[in-house]
Amino acid sequence: SRDATLIEPMQDLVFALGLSTGGESHKAAVKKLAAFLTGLLDLRVSVELTPDYADFLNLMSAGGAQIGWLPPAIYARAQAQFGVQLLLACGPLRL
């Protein structure tokens, strides 16, 4: 018989966002996003804001965040450099 490998469940999840404006309304929206994701995923979620996309890519490649939002051009660069995987894409809006 094979030995089963137990994987510890993830306790925390870091969601990265680039180009933080740092304004109060932005900070309030980030707190709401973290609370929403925490409830949805049943994991403690924090949101990490980076001042630019270079810092974002460094954070992701170093394992400082597990998921993040990227615009298309930055995603293409991250996929080529680090092999990131696309988890969700939104198609055209239909009104």
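The structure we're discussing is the one just above.
If you're wondering where the values come from, they're calculated on a predicted model, not measured in any experiment.

Participant: Honestly, the pattern of salt bridges in this entry has me stumped. Any pointers?
Facilitator: Opposite charge on two side chains allows them to pair when their charged atoms are near. This structure, assessed with the given rule, holds one salt bridge. Its salt-bridge partner being Arg44, residue Asp12 comes within 2.4 Å of it at the nearest N-O pair. Remark: Arg44 occurs in strand 2 (residues 44-49) and Asp12 occurs in strand 1 (residues 12-17); sequence separation between them is 32 residues. With a relative accessible area of 41%, Asp12 lands in the partly exposed category.

Participant: Sorry, what's going on with the nonpolar core here?
Facilitator: Looking at soluble globular proteins, one finds that nonpolar side chains tend to be buried together. Counting residues in hydrophobic clusters, the biggest one holds 10 residues: Val14, Ala16, Tyr53, Phe56, Leu57, Leu59, Ala65, Leu70, Ile74 and Ala78. Of the residues forming this core, the biggest block, four residues, is contributed by helix 2 (residues 53-61). Excluding anything up to four places from it in sequence, Ala65 contacts Val14, Ala16, Leu59 and Met60.

Participant: Would you take a moment to explain the sheet that holds strand 1 for this structure?
Facilitator: In sheet architecture, strand pairing relies on hydrogen bonds along the backbone and comes in two forms, parallel and antiparallel. Taken together, three strands build an open sheet; the order of strands is 2-1-3 and the sheet is parallel. The sheet is open, and its two edges are formed by strand 2 and strand 3 (67-68), each paired on a single side. In this sheet, strand 3 lies alongside strand 1 in parallel orientation, the contact comprising two bridges. By the bridge assignment for strand 3, Phe15 is matched with Ile67. Strands in contact with helix 1 (residues 24-41) are strand 1 and strand 2; relative to strand 2, the strand with the most contacts, it is inclined by about 150°. On the sheet, helix 2 packs against strand 1, strand 2 and strand 3 and is oriented at approximately 155° with respect to strand 1.

Participant: Any chance you could explain helix 2 here in plain terms?
Facilitator: Think of an α-helix as turning once every 3.6 residues; residues three or four places apart then point the same way. Inspection of helix 2 places Tyr53, Phe56, Leu57 and Leu59 among the buried residues, and these make up the whole buried set. The buried side chains of helix 2 occupy one side of the element, clustering within an arc of 160° when seen end-on. Buried residues along helix 2 sit against strand 1, strand 2, strand 3 and helix 3 (72-82). Just past helix 2, the residue Gly63 takes up positive phi, approximately 85°.

Participant: For this particular structure, what's the right way to read the layout of surface pockets?
Facilitator: A probe matching the size of a water molecule, rolled over the atoms, marks out where space remains unfilled. Empty space within the largest pocket amounts to approximately 690 Å³. In terms of lining residues, the largest pocket is bounded by 20 residues, among which Gly68, Trp69, Leu86, Leu87 and Leu88 are the most central. For the lining of the largest pocket, the secondary-structure elements that each account for two or more residues are helix 2, strand 3 and helix 3. Broken down by element, the residue count for the lining of the largest pocket peaks at three residues, all from helix 3. Considered class by class, the residues forming the lining of the largest pocket number 16 nonpolar, four polar and no charged.

Cut-offs applied
Residues numbered from 1 in each chain as written. Predicted model: local features only at pLDDT ≥ 70, side-chain atom pairs only at ≥ 80, totals over all residues. Heavy atoms only, no water. Salt bridge = Lys/Arg side-chain N within 4 Å of Asp/Glu carboxyl O. Helix = DSSP H or I, 4+ residues; strand = E, 2+ residues; numbered from the N terminus. Buried < 20%, exposed > 50% of the residue type's maximum accessible area, 1.4 Å probe, protein only. Core = buried A, V, L, I, M, F, W, Y, C linked by side-chain atoms within 4.5 Å. Contact = heavy atoms within 4.5 Å. Pairing = 2+ DSSP bridges. Axes fitted to C-alpha atoms, helices over the stretch in contact; angles between N-to-C directions. Arc of directions from axis to C-beta. 1 Å grid on protein atoms, 1.4 Å probe; cavity = no way out; pocket = protein on both sides within 12 Å on 5 of 7 lines; lining within 4 Å. Points joined across faces, edges and corners; volume = space filled by probe spheres on them. Nonpolar A, V, L, I, M, F, W, Y, C, P; charged D, E, K, R; others polar.

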